[in-house]
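Report on the structure
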Amino acid sequence: MSTRLLPRHAPFENDALAALDQVLAVASRVQRTWLLDYLTAVSDLPAQGTRDADVSVGEVVEYVNLNSSRSDQTTMHVAVAFPDGAPPYRPGSVLDLIGIDGESVPARVLPVASSRREVVDEVHALMPVRTGDAAIVERLRLGSQVRVRIREDAEFRLPAALGTDVIMIGVEAGVAPYRALTQERRALGAGGRSWLFFGGRRFTHDFLYQLEWQAALADGSLTRMDVAFSHDQPERIGVEDRLFERREELVDWIENGASLSICAAPKSADRAHFGLLKAVADIKACSLEVAVGHVADLASQGRFNQRHP
Amino acid sequence: MNDHRQVLPPPSATDGVGDLIQAERDQLSRNEHIKEASGYLRGKLAEALLMPASGAVSDDDGQLVKFHGMYLQDDRDLRPERMRKKLDRAYAFMIRLRIPGGVLTSKQWLVLDEIARSYANGSLRATTRQTFQYHGVIKSNLKRTMKAIDGALLDTIAACGDVNRNVLSASNPYQSKAHAAAYDLAKAISDHLLPRTGAWREIWLDGEKVVGGEDETVEPIYGKTYLPRKFKVVVAVPPSNDVDIFAHDLGFIAILDEVGALAGWNVTVGGGMGMTHGEADTFPRTADVMCFCEPEDALKVAEVVMTVQRDWGNRKSRKNARLKYTIERFGLDAFRAEVERRVGKAFAEPKPFRFENNGDRYGWTEGEDGRHHLTLFIQNGRVRDFKGGPQLLTGLRRIAEVHQGEFRLTANQNVLVANVPAEKRAEIEALVAEHGLTAHAGTLRRNSMACVALPTCGLALAESERYLPTLIDELEACLARHGLAEDEITIRMTGCPNGCARPYIAEIGLVGKGPKRYNLYLGAAFDGSRLGKLYAEDVADSAIVEVLDPLLAAYKVQRSYGERFGDFLVRTGYVAMTTNGPNFHEQTGCLRGLS
Ligand SMILES: Cc1cc2nc3c(=O)[nH]c(=O)nc-3n(C[C@H](O)[C@H](O)[C@H](O)COP(=O)(O)OP(=O)(O)OC[C@H]3O[C@@H](n4cnc5c(N)ncnc54)[C@H](O)[C@@H]3O)c2cc1C
Ligand code: HEM
Ligand code: SF4
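Residues numbered from 1 in each chain as written. Chains lettered and ligands numbered in written order. Predicted model: local features only at pLDDT ≥ 70, side-chain atom pairs only at ≥ 80, totals over all residues. Heavy atoms only, no water.

A look at the overall build of chain B
So the rule is basically this: Here a strand is any run of E in DSSP of at least two residues, a helix any run of H or I of at least four, and the numbering for each starts at the N terminus. Using C-alpha atoms as the atom set, the radius of gyration is obtained and then compared with a globule rule of 2.2 Å times the number of residues to the power 0.38. We call a residue buried when its accessible area falls under 20% of the maximum for its residue type, exposed when it is over 50%, and partly exposed in between, using a 1.4 Å probe and counting protein chains only. The contact criterion used throughout is that any non-hydrogen atoms of two residues lie within 4.5 Å. What sets the accessible areas is the Shrake-Rupley method with a 1.4 Å probe; for residues, cover comes only from the shown protein chains. Under the counting rule used here, the positive set is Lys and Arg, the negative set is Asp and Glu, and His together with the chain ends is not counted. Working definition for charges: the position is that of NZ of Lys, CZ of Arg, CG of Asp or CD of Glu.
Tallying secondary structure elements over chain B gives 18 helices and 20 strands in all. Taking 25 Å as the expected radius of gyration for a compact globule of 595 residues, we find that chain B reaches 23 Å, a close match to that expectation. A total of 595 residues make up chain B; the buried ones form 62% of that total. In chain B, of all internal contacts separated by at least 6 residues, the share reaching a separation of at least 24 is 68%. Here chain B has roughly 22000 Å² of accessible surface; of this, 51% comes from carbon and sulfur atoms. Looking at charge distribution, chain B has the averaged site of its 76 positive side-chain charges lying 4 Å from that of its 78 negative ones.

What to know about the nonpolar core
Residues and elements named next belong to chain B. We apply this condition: Only buried Ala, Val, Leu, Ile, Met, Phe, Trp, Tyr and Cys residues count toward a nonpolar core, and they belong to the same one when joined by side-chain atoms within 4.5 Å.
Among the nonpolar cores identified, the biggest contains 104 residues, and Trp 109, Phe 132, Tyr 134, Phe 252, Trp 265, Phe 335 and Leu 396 are the most heavily contacted of them. Take this core: its biggest share by element is eight residues, from helix 10 (residues 298-312). Cys 478, Leu 552, Ala 554 and Phe 568 belong to the second largest nonpolar core, which has 36 residues in total.

Overview of the coordination of the iron atom of ligand 2
The condition is simple: A donor here means an N, O or S atom no more than 2.8 Å from the metal, or no more than 3.2 Å when the metal is Na, K or Ca. Since water is not included, a site may seem to lack partners.
Here the protein supplies the iron atom of ligand 2 with just one donor, Cys500(B) (SG), and that contact is 2.1 Å long. Mapped onto the fold, Cys500(B) is located in the loop between strand 17 (491-494) and strand 18 (508-514).

Observations regarding the pattern of salt bridges
All names here are of chain B. Where we set the bar: Basic side-chain nitrogens of Lys or Arg form a salt bridge, by our definition, when they fall within 4 Å of a carboxyl oxygen of Asp or Glu.
Counted according to the given criterion, the structure contains 70 salt bridges over all chains. The partner of Arg 42 in a salt bridge is Glu 202, with the nearest N and O atoms 3.0 Å apart. In this pair, Arg 42 sits in the loop between helix 2 (30-37) and helix 3 (45-48) while Glu 202 sits in helix 9 (residues 199-204), placing the two residues 160 residues apart along the sequence. According to the relative accessible area criterion, Glu 202 is buried, its value standing at 12%. Residue Asp 206 is joined to Lys 147 by a salt bridge in which the shortest nitrogen-to-oxygen separation is 2.8 Å. With Asp 206 in the loop between helix 9 and strand 7 (233-236) and Lys 147 in helix 7 (residues 142-151), this pair connects stretches of sequence that are 59 residues apart. Look at Asp 206 and you get partly exposed, because its relative accessible area is 46%.

Thoughts on helix 6 (residues 106-118) of chain B
We apply this condition: The length a helix should cover is 1.5 Å for every residue beyond the first.
The terminal C-alpha atoms of helix 6 of chain B lie 18 Å apart, and with 13 residues this matches the ideal 18 Å at 1.5 Å per residue to within 8%. Every buried residue belonging to helix 6 of chain B is among Ser106(B), Gln108(B), Trp109(B), Leu112(B), Asp113(B), Ile115(B) and Ala116(B), and all of these are buried.

Focus: the environment of Asn166(B)
All names here are of chain B. Quick reminder of the rule: Polar contact is defined as a pair of N or O atoms within 3.5 Å, subject to the rule that within protein one atom must be able to donate a hydrogen and the other to accept it, and that residues adjacent in sequence are counted only when both atoms are side-chain atoms.
By the secondary structure assignment, Asn 166 is in the loop between helix 7 and strand 6 (168-169). We classify Asn 166 as buried; its relative accessible area is 2%. With 317 residues separating them along the chain, Asn 166 and Gly 483 place their C-alpha atoms 40 Å apart. A polar side-chain atom of Asn 166 sits 2.8 Å from the main-chain amide nitrogen of Ile 99.

Notes on the sheet that holds strand 2 (residues 91-96) of chain B
Residue and element names in this part refer to chain B. Counted only if it meets this: Should DSSP find at least two bridges between two strands, the strands are regarded as paired.
As summarised here, the arrangement of the five strands in space is 1-2-5-4-13, forming an open sheet in which the pairing is antiparallel. Each edge of the open sheet is held by one strand with a lone partner, namely strand 1 (70-74) and strand 13 (382-383). Bridge count between strand 2 and strand 5 (residues 132-137): three bridges; the pairing is antiparallel. Pairing of Ile 95 across the sheet is with Tyr 134, part of strand 5.

Quick notes on the site of ligand 1
All names here are of chain B. Applicable threshold: We define proximity as follows: a residue is near a molecule or strand when any one of its heavy atoms falls within 4 Å of that partner. In this classification, Asp, Glu, Lys and Arg are treated as charged, Ala, Val, Leu, Ile, Met, Phe, Trp, Tyr, Cys and Pro as nonpolar, and every other residue, Gly included, as polar.
Around ligand 1, the structure places Tyr 362, Gly 363, Trp 364, Thr 375, Leu 376, Phe 377, Arg 425, Thr 438, Ala 439, Ala 441 and Arg 446. Between an oxygen atom of ligand 1 and a main-chain N or O atom of Phe 377, the distance comes to 2.9 Å. At 2.6 Å from a nitrogen atom of ligand 1 is found a side-chain nitrogen or oxygen belonging to Arg 446. For ligand 1, the accessible surface in isolation is 840 Å², of which the surrounding protein chains cover 50%. At the level of elements, strand 11 (363-366) and strand 12 (372-376) are the ones that each hand at least two residues to the shell around ligand 1. A class-by-class count of the residues in the shell around ligand 1 yields six nonpolar, three polar and two charged.

Observations concerning the UniProt feature "binding site: siroheme" (unreviewed entry) in chain B
Put simply, the rule is: UniProt positions are given in the numbering used here, feature names are shortened, and annotations may be inferred rather than shown by experiment.
When the UniProt feature table is mapped onto this chain numbering, "binding site: siroheme" (unreviewed entry) sits at Cys500(B). Excluding its chain neighbours within four sequence positions, the residues that come into contact with Cys500(B) are Thr128(B), Cys451(B) and Thr494(B).

Observations regarding the site of ligand 2
All names here are of chain B. Taken together, 23 residues form the shell around ligand 2, and within it Lys 230, Met 273, Gly 274, Arg 322 and Cys 500 come nearest. Between an oxygen atom of ligand 2 and a side-chain N or O atom of Arg 322, the distance comes to 2.7 Å. For the shell around ligand 2, the per-class residue count stands at seven nonpolar, nine polar and seven charged.

Regarding the environment of Val148(A)
Residues and elements named next belong to chain A. Mapped onto the fold, Val 148 is located in strand 6 (residues 145-151). On the accessibility criterion, Val 148 (1% relative accessible area) is buried. Considered as a pair, Val 148 and Arg 108 are 40 residues apart in the sequence and their alpha carbons are 9.7 Å apart. With sequence-adjacent residues up to four places away left out, Val 148 is seen in contact with Asp 54, Val 55, Ser 56, Phe 82, Leu 95, Asp 96, Leu 97 and Ile 98.

Quick look at the environment of Arg141(A)
Residues and elements named next belong to chain A. Inspection of the secondary structure assignment puts Arg 141 in the loop between helix 4 (134-139) and strand 6. The partly exposed category is assigned to Arg 141, whose relative accessible area is 46%. On a C-alpha basis, the gap between Arg 141 and Val 64 in space is 9.2 Å, while along the polypeptide they are 77 residues apart. Discounting residues that sit within four places of it in the chain, Arg 141 has contacts with Val 60 and Tyr 63.

Topic: the pairing of strand 7 (residues 166-171) of chain A
Residue and element names in this part refer to chain A. Rules: With the strands aimed away from the viewer, a crossover counts as right-handed if its path from the first strand over the helix to the second runs clockwise.
With six of its six residues buried, strand 7 lies for the most part within the structure. Neither face of strand 7 is exposed, since Val 166, Met 168 and Gly 170 on one face and Ile 167, Ile 169 and Val 171 on the opposite face are all buried. As judged from the six bridges shared by strand 7 and strand 8 (residues 194-200), these two strands associate in the parallel manner. Among the inter-strand pairings, Ile 169 is bridged to a residue of strand 8, identified as Phe 197. With helix 5 (residues 176-188) bridging strand 7 and its parallel neighbour strand 8, the resulting β-α-β unit is right-handed.

Description of the interface of chain B and chain A
The cut-off we apply is this: Summed over both partners, the accessible surface that disappears when two parts come together, traced with a 1.4 Å probe, is what is meant by buried area.
On the chain A side, the residues contacting the 21 residues of chain B number 27 residues. Of all residues in chain B, Ala53(B), Lys85(B) and Lys86(B) give up the largest surface area on contact with chain A, accounting jointly for 33% of the area buried on that side. Taken together, the connections running from chain B to chain A amount to three salt bridges. For the salt bridge of Arg70(A) with Asp75(B), the shortest nitrogen-to-oxygen distance reads 3.0 Å.

Printed below as a string of C-alpha cells:
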C-alpha cells in the first residue's frame, strides 16, 4: 500500500510514528484498521473550539472559482500555505479569514476543505461568494498574505474512527468538510466505507471537485457517490431525493454502525434532513415522529451531525 | 433471408477478391473487436449510466453509443479552464434522431421542441440527413430524453454507427406521386435495414433484458459485427437533386413514364465524402450510376448492395472501409455482377435522367393535389431563437400548434411546412412574419451549409457553423461589387475533412485545416454531380475573400449564358476537372494566371 502514512509535520513524536508506520506496513487489513483507529484516538488534537485559537499568517497559493464560467454561482477554492507548516487542525474545522495583505476585513468563516495529513503545509477552504463579499473578493488574490485563525467547530465533530462507515451529505460548499475527511481517511488508510451525497445546481458547471471525487472513487478512498443537480431537469431534484431513492442501503449502512453528517445551507440542510427522516420512516415502517427519535438517538451516540458551511 | 456467416465472396467473384478480404480479416480494426464483444451493441452502457461522478462513458462504449444514435462530445470552449477548476471535461451527448425521409407530424414536432428546451441546449439542429440532432444532453438526462423521443413514436436507432443510417427522400414537392413513391421506398428501406437488436429498448427504455443474451438469429442481415463502416441511402426525384445523391453509398433515382407514373429506379453506388488531410488513398467520390431496377426489386437491391459491402468492405482500415473504396478496389463490374448474382437476376442499363440543382426551392410551392408547401431557409440548420434576430424555435412551435399537415426536413438542413390547405396559408404566413422566419437571407446564404464543428465536435480543426455566416457577409459584399448578388452559387464549409456538410460537391468548398485556416475547393458542379478540386491550401480565413475575388470578377465578364461558377472555372482552366475520386488529389492548385 503506497499511501503516505507519516505526515511531515506530525503534531507528535516522529519516532513513535515511524515505528507505528513499520508495524502498519506489515499488518493485515483488519489489524491496520484497528491500529489506525487507535492511532487516531491517541493522536486526537487538543480541542480548539475557542475563538482565541492562534492567528497564523499564510500566503494564498491557489485561488480559483470551482464553478465553471457558465455557472451562475461562484465558489472560491482558497489554498493558504504556511512557511512553517500549517497549524494543527482536523477535518470539520473552520477558517476565520481576518486580514488580507495587512488590512483587516469583516471576519468571514470558511469551511476547511483539506486534511493536514494530505496537504501538509496548506489549508484549503471554500468560500461561496455571496452579496456582501465584495470587500474580500476584491482584495484576495494569488499571493495575498492572509491572517487566519483555524479552529474547531464545537458543534460539528466528524467521525474520527477510521473503521466506521461514514455517510456524508454535502450541498454546494457544504461538501468542504467531506473533502477534508476523505483526504484524512485516505492518508490514514481508513478501513471503513464512505458514501458521499453531493448536491448542486448543474452537473456540468457546479460539480465542485469533480475530478477529485472521480479519483477518490477510483482509488477506493470513497466507496460510493450519489449526486443531485437541481437545475438539470424540469423538476427540482435534491440530495433528499437521492437519500430516499437509496433508502434501503442507507438504513442498512446506518444499522451497521455508519455515522451520518449533513453540511448544507439552512434550507438545503433541512430538506436533506427531511429526506433522511422519510427514508428511515419508510424502511422502518414507522411514522416521521418515530424516525425523528431514531435520528436523535444517532445524534446522542455522536453518529449524526448537521451544520451549515 | 441472408446468411450473415457467409462472408467471403464466392469463387465466381473476381480473382483475388477472396484472398484480399481474408488477409484483412486477419488484421481487424479495433472497432471490429468492440462490435464483436458488445453482445449486439450493449457493451457496458447500462453500468456506465449508473456512474454519477462522470459525464462520460468508456472509449469502447463511446464507439457503441454511436449505433444508438449518439456521440459523446465535450464543450471544447470550456476545456482550458476546467482542469484548473478541478472539473472534468464538459461532457455531453449529441443525439441524432432517425426520421426516414425527414417527415414529422406537428405533434412530433412539439415533443421534439420540448426536449430541446428541457434537456438539450435549446436548439434543434437540422442535419444533412433530414433529421434533427440535439447537442448538450448530459448523461443523467439520456434516458429521459430517449423516453420522450419514444413517446413521440420516434427513435435514434442506427442514426450513427456502422449501419444503414437515416434514409433520405426527395423533399421538394414538385410531382406529388413520384414524391410519395420516393418516400415509401425510403421508409421501406429504413425499416428493412434497421438493426433488430433489443439493446436500444433495453438500455434506454428499461426494456426487458434477454436472459443469457441474444442469439445469432437476432441480426439476420447484419450479423454480430454489423457493417465495416457507415452506409448511407437516399432516394431522389429529378430534376431536383436535393438529396445530393452522388454523395451517398447507395441511391435510387426515380424514373417516370410518359404519364408521370413511376417506371422504376436508377441505382447509384459508391458515393461518399469523408477523407483525411495528407492521405492520398482517402478521397471523396461521386457515386456511379450502376443500373436500372423495377419498382418491386428496389428493396431487395438495397439489402443486397449493403450485404455485399458487409462482406467485401475493408474491416482492417476504417479510413478505407466505405463502399466507395470497395468499388474502387474491385471495380464496378465485379460489384454489379455480385449484386445481380445475389438478387438472382440481371438488371437493365440506367435510363436517362436530368438533375438541375442540389438546393432547395424556397418559399411557397403548390403540389399536384392543390396543397401548399413552404420551404424555410434555416441558416446552417440551427433552429433556435436568436437574440434580436429570427425566433426560429418559437416561430416553428407556434406553426406546429396550428398546422395540421406535416413538417419535412430537407437534406440541405432546411425545413418545409408541408401540406398546408389553401385556407390555412394566411395564418401560417402571419406566424412566419411575426417571428422573422424569412428575415434577410441573400442568395449565397440560401445556398450555403456548414457543419457543426466547434465547440462540440471533437474532430473539428477549425470553426464552421459559427464562422460561415460572417464569411458570407463579406462574400456577399464582394459579390455585390461584381454585380453577382443574385447569382446562385453553392458554398459549404466543414471544420475537418470528414465532410459532414458535403463541401467537396459545393462550388465553393472550404474544409478546416487548422485554427482559422481552410483548404479551398473549387470547380464542383452546381447540381452536385462533380467534385471540386483543391485550389488553394491552408488559406487564412481573412484571405478567403481575397483569393475568390479575381475569380468572381472573371466569372462576371467571361461566363457564357447561364454558365455556373463551378463549370466556368473548369472550362476556362482555372482548376482541373475532377472526374472522380481517384483523381481528386491530382493536378491541384490554380492552373491559370490571374490578371
Ligand atoms: C431575396 C429573397 C430572399 C428570401 N429569403 C428567404 C429566406 O431567408 N427564407 C425563406 O424561407 N424564404 C426566403 N425567400 C422566399 C420567400 O419567403 C418567398 O418567396 C415568399 O414566401 C413568397 O412566396 P410566394 O409563394 O408569394 O412567392 P412565389 O410565387 O413562390 O415565388 C415568386 C418567385 O420567386 C421565386 N422564389 C421564391 N423563393 C425564392 C428564393 N428563396 N430565392 C429566389 N427566388 C425565389 C419563385 O421561384 C418565383 O419565381 C426569399 C425570397 C427572396 C426573393
Ligand atoms: C457533431 C458531431 C459530428 C461528428 C463527430 C461527425 C463525425 C463524422 C465522421 C467521422 C465522418 C466521416 C465519415 C467517413 O469518412 O466515412 C462524418 C461524415 C459525415 N457526416 Fe458527420 N459528424 C458530426 C455531425 C454531423 C452533422 C451535424 C451532419 C449533418 C448536418 C453530419 C453529416 C455527415 C455527412 C453528410 C458526412 C459525409 C459522409 C460521407 O462521407 O458520405 N455529421 N461525420
Ligand atoms: S465535418 Fe468534421 S468538424 Fe464538421 S461536424 Fe463533421 S466531423 Fe465535425
